Amino acid sequence: MRLSVSPASLLALLLLPGASAFAPHRRHATRGSSPLSMSAVERNTNFGKLAGGYLFPEIGRRRNAFLAENPDANIISLGIGDTTRAIPPTILAGLQRGVSLLGDESTYTGYGDGNGREDLREKIAEVLYGSRISPNDVFVSDGAKCDIARLQMMFGPKVTSAVQDPSYPVYVDTSVMVGQTGTQDEKTSQYGGIVYMECNPGNGFFPDLDKVEADVIYICSPNNPTGACATREQLENAVKICKERGSILVFDAAYAPFITSPGTPKSIYEIPGAEDVAIECNSFSKYAGFTGVRLGWTIVPEGLKFKDGTPIRQDFNRVMATAFNGASNIVQEGGMAILSPEGMKEIDVLIAYYLENASILRTTMEELGYVVHGGVDAPYIFVELPEGKKSWDVFSEILESAQVVTIPGAGFGPGGEGFLRLSAFAPRDGILEACERLKKTMAK
């Protein structure tokens, strides 16, 4: 006997749960849980240690919340260090050339050297380091911040890191993420397992390294957020101590082009022997307005080795080859234009513009009676607040009354409490207007 099944009945059978090999598998919910609310994957416990969000998105969140309540507000940002001047002609032409090369099959390029174009690495070594370092030690990347995270990935969870306090948050946050730390102490706002190197006006915002015991020491000069520049003597001592103790110095030189004072080192490799102990991170973000374009580099000298004799460059190369595919071909063409004689002249003009902004901000705050740090060889002004004033409170007061965004010093670590950071990267008219507003809001 043959069964007759209509097409409609067959379709209904196929749509029954489990009737088709392509039907989605439904797991039965267990008591007290919903199959749609969470996965069965445990969270990385290190991320649970992070206290609050990353600083700069938090500033943006508070700014946006204020704008939502005050849509007609005219906000001026002296907050995040984001460049505002247009990319200069020579450098822009380099980027445009990079795009054009991709539009012709005879000049098109796909994947390149993951560590960067050879000619770009040669130019970085020659123009920016006076050939003191080898092009083979240069790793071209998408910026210093990203490279610091990659270095932390390489160092792993067993090292002890030392950071300046206050400091750029990425050093601390990445230390937490890779498992180098304990939880944050609510009283001190410090993470267990990190060495916080006290930096304050009394020591010129440079730590007493004789008291520091750590595997990896992070130094930023010109410093973010304080604007302080390390002297040659301070860096010579840092190299000496790292050699004696077997520590590695990670030198963040992202603001090096702002140094104009004679004799102040722009690179750790100006110090004899630094190639034996130091890694340097740098970026074109502030050199050439590449904050949104993304191009940087890290120097890992050939002679720098781990305890077991493994070249550090070998392991960093493995990280870069695994977790990075190389900087954009377009952007690297722009990098070549930056390092041309014409490009370097254009950079000098950009730097002079932002340093003039810094001078205006510094002078304004001094005239208001505040003690001010930075703003000379750096684009940041670090303002001492009246005793007892909390930096987040002052941030809110200035945003609400002057409609000016600043950065509270406490966002850079416990050592930043009692200070306010002002950025010189706003347009000139914004700087001048902000100063007029601050004269009213911050008058003592």
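Residues numbered from 1 in each chain as written. Predicted model: local features only at pLDDT ≥ 70, side-chain atom pairs only at ≥ 80, totals over all residues. Heavy atoms only, no water.

Student: Explain the environment of G263 to me, using residue names and the numbers behind them.
Tutor: Relative to the helices and strands, G263 is located in the loop between β6 (248–252) and β7 (278–283). Exposure remark for G263: the relative accessible area of 55% places this residue in the exposed category. (Helix = DSSP H or I, 4+ residues; strand = E, 2+ residues; numbered from the N terminus. Buried < 20%, exposed > 50% of the residue type's maximum accessible area, 1.4 Å probe, protein only.)

Student: Just give me the short version of the packing of helix α13 (residues 391–402) against helix α14 (residues 428–441), but keep the residues and values in it.
Tutor: At a minimum axis distance of 10 Å, the contact between α13 and α14 shows a crossing angle of 115 degrees. In terms of axis orientation, α13 runs roughly perpendicular to α14. Here the hand of the crossing between α13 and α14 comes out right-handed. Contacts between α13 and α14 pair E397, I398, S401 and A402 from the former with R437, L438 and T441 from the latter. (Axes fitted to C-alpha atoms, helices over the stretch in contact; angles between N-to-C directions. Parallel < 35°, antiparallel > 145°, perpendicular 65-115°, else oblique. Left-handed = near helix turned anticlockwise from the far one by under 90°. Contact = heavy atoms within 4.5 Å.)

Student: Explain the pattern of salt bridges residue by residue, including any values.
Tutor: On inspection of all chains with the given rule, the structure shows 17 salt bridges. A salt bridge links E333 to R97; the nearest nitrogen and oxygen atoms lie 3.0 Å apart. Taken together, the residues span a long stretch of sequence, with E333 in helix α11 (residues 329–338) and R97 in helix α4 (residues 89–102) at a distance of 236 residues. Overall, the relative accessible area of 39% leaves R97 in the partly exposed class. The structure contains a network of salt bridges with shared partners spanning R97, R117, D119 and E333. (Salt bridge = Lys/Arg side-chain N within 4 Å of Asp/Glu carboxyl O.)

Student: Give me the nonpolar core: which residues, what numbers.
Tutor: With 56 residues, the main nonpolar core has I124, I217, I268, F284, F290 and W297 as its most contacted residues. Among all residues touching F284, those that are not within four sequence positions of it are L128, G289, F290, L295, G296, W297, I338 and L339. With 41 residues, the next largest nonpolar core counts V250, I279, F395 and V405 among its residues. (Core = buried A, V, L, I, M, F, W, Y, C linked by side-chain atoms within 4.5 Å.)

Student: Tell me about unusual backbone geometry, and please be specific about residues and values.
Tutor: In this structure, the amide linkage connecting D165 to the following residue, P166, adopts the cis form with an omega of 10 degrees. Tracing the backbone shows P166 in the loop between β3 (161–165) and α7 (169–177). Following N224, the chain continues to P225 via a peptide bond in cis, the omega torsion being 25 degrees. Residue placement: P225 occurs in the loop between β5 (216–220) and α8 (232–245). Even without being glycine, S131 reaches a positive phi, approximately 65 degrees. Structurally, S131 is set in the loop between α5 (118–128) and β2 (138–141). With a phi close to 60 degrees, S189 is a non-glycine residue in the positive phi region. For S189, the location among the structural elements is in the loop between α7 and β4 (195–198).

Student: Before we move on, can you summarise the sheet that holds strand β10 (residues 380–384) with the specific residues and values?
Tutor: A sheet is described by the order of its strands in space; here four strands give the open sequence β9-β10-β13-β12, paired in antiparallel fashion. The open sheet has two edge strands, β9 (372–374) and β12 (407–408), and neither has a second partner. One ladder, built from two bridges, connects β12 with strand β13 (residues 419–423); its direction is antiparallel. Each bridged residue has a counterpart across the sheet, and for I407 the counterpart in β13 is R421. Set on the sheet, helix α12 (residues 341–367) makes contact with β9, β10 and β13; between it and β9 the angle comes to about 160 degrees. (Pairing = 2+ DSSP bridges.)

Student: Hey, could you go over the environment of K123 for me, with residue numbers and the actual values?
Tutor: Along the chain, K123 falls in helix α5. The class of K123 is partly exposed, set by a relative accessible area of 28%. Residues K123 and L339 lie 216 residues apart in sequence; the distance between their C-alpha atoms is 6.7 Å. Ignoring anything within four residues of it in the chain, the contact list for K123 reads L128, M336 and L339.

Student: Break down α12 for me, with residues and values.
Tutor: Its 27 residues place the ends of α12 39 Å apart at the C-alpha level, agreeing with the 39 Å of an ideal helix rising 1.5 Å per residue. With its phi angle positive at about 95 degrees, G369 sits one or two positions after the end of α12. (Expected span 1.5 Å × (residues − 1).)

Student: Mind laying out the sheet that holds β7, listing which residues take part and the relevant values?
Tutor: Through backbone hydrogen bonds, the strands of a sheet pair up, either in parallel or in antiparallel fashion. Reading across from one edge, β2-β8-β7-β6-β5-β3-β4 is the order of the seven strands in this open sheet, with mixed pairing throughout. Single-partner strands in this sheet number two, and they are β2 and β4. Between one strand axis and the next, the sheet turns through 20 degrees on average, direction left out of account. One ladder, built from four bridges, connects β3 with β4; its direction is parallel. The partner of Q164 across the bridge, within β4, is M197.

Student: If you had to explain the pairing of β3 to someone new, which residues and values would you point to?
Tutor: Side-chain positions along a regular strand alternate between the two faces of the sheet. Among the five residues that make up β3, five are buried, leaving the element largely enclosed by the rest of the structure. Here β3 shows two buried faces, one formed by S161, V163 and D165 and the other by A162 and Q164. With three bridges joining them, β3 and β5 adopt parallel strand pairing. Bridging across to β5, S161 finds its partner in V216. A crossover links β3 with its parallel partner β4, the connecting element being α7, and its sense is right-handed. (Right-handed = clockwise from strand over helix to strand, strands pointing away.)

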